[in-house]
Amino acid sequence: MSDLHPSIVALAALAANITANHPKQGLCQVDKLKGYGVSKAQIDSVIEIARHIRDEAAQSLDARFDEAYAAVWQPAPARLKTDPFANIAVKEAGGACCTPTRSGQSCC
């Protein structure tokens, strides 16, 4: 296993802290990155991508919760004797793995 450059580790840690809503927000990594000579623009890109992934995850969780919550209030469907194969669900094709950030950066 090859060792990662400390700047890559700090960038990954910064992104993880932001995405996980860590209370310290990765600010100590920012100091390390500045010390390694990583540009503000590169750090800003990592922050933007991390926030985008965090927000996208929260929206997805909220949408699933809202669907489940709405289903709790729906009446139970009537049980009809029908062809058992007529009730097989067909899964729709999934979308892209993620959407781009506001500035158009890919997070995939």
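Whatever comes next refers back to the structure up there.
Summary of the structure given here. (Residues numbered from 1 in each chain as written. Predicted model: local features only at pLDDT ≥ 70, side-chain atom pairs only at ≥ 80, totals over all residues. Heavy atoms only, no water.)

### Quick look at the nonpolar core
Core analysis: the biggest nonpolar cluster contains nine residues, these being Ala-10, Leu-14, Ile-18, Leu-33, Val-38, Ile-43, Val-46, Ile-47 and Ala-50. Every element with two or more residues in this core is listed here: α1 (6-19) and α3 (40-72). Of the residues forming this core, the biggest block, four residues, is contributed by α3. The residues touching Ala-50, leaving out its near neighbours within four places in the chain, are Ala-15, Ile-18 and Thr-19. (Core = buried A, V, L, I, M, F, W, Y, C linked by side-chain atoms within 4.5 Å. Buried < 20%, exposed > 50% of the residue type's maximum accessible area, 1.4 Å probe, protein only. Helix = DSSP H or I, 4+ residues; strand = E, 2+ residues; numbered from the N terminus. Contact = heavy atoms within 4.5 Å.)

### Focus on the packing of α1 against α3
For the pair α1 and α3, interaxial distance at closest approach is 8 Å and the crossing angle is 35°. As α1 packs across α3, the resulting crossing turns out to be right-handed. Only Ile-43, Val-46, Ile-47, Ala-50, Arg-51, Ile-53 and Arg-54 of α3 make contact with α1, whose side of the interface consists of Leu-11, Leu-14, Ala-15, Ile-18 and Thr-19. Here the contact of α1 with α3 is built from residues that sort into nine nonpolar, one polar and two charged. (Axes fitted to C-alpha atoms, helices over the stretch in contact; angles between N-to-C directions. Left-handed = near helix turned anticlockwise from the far one by under 90°. Nonpolar A, V, L, I, M, F, W, Y, C, P; charged D, E, K, R; others polar.)

### Details of the packing of α1 against helix α2 (residues 27-36)
Relative orientation of the contacting elements α1 and α2 amounts to 155°, with a least axis distance of 9 Å. Our classification of the angle between α1 and α2 gives roughly antiparallel. Note that α1 runs across α2; the crossing there is left-handed. Residue-level contacts link Pro-6, Ser-7, Ala-10, Leu-11, Ala-13, Leu-14 and Asn-17 of α1 to Gln-29, Val-30, Leu-33 and Tyr-36 of α2. (Parallel < 35°, antiparallel > 145°, perpendicular 65-115°, else oblique.)

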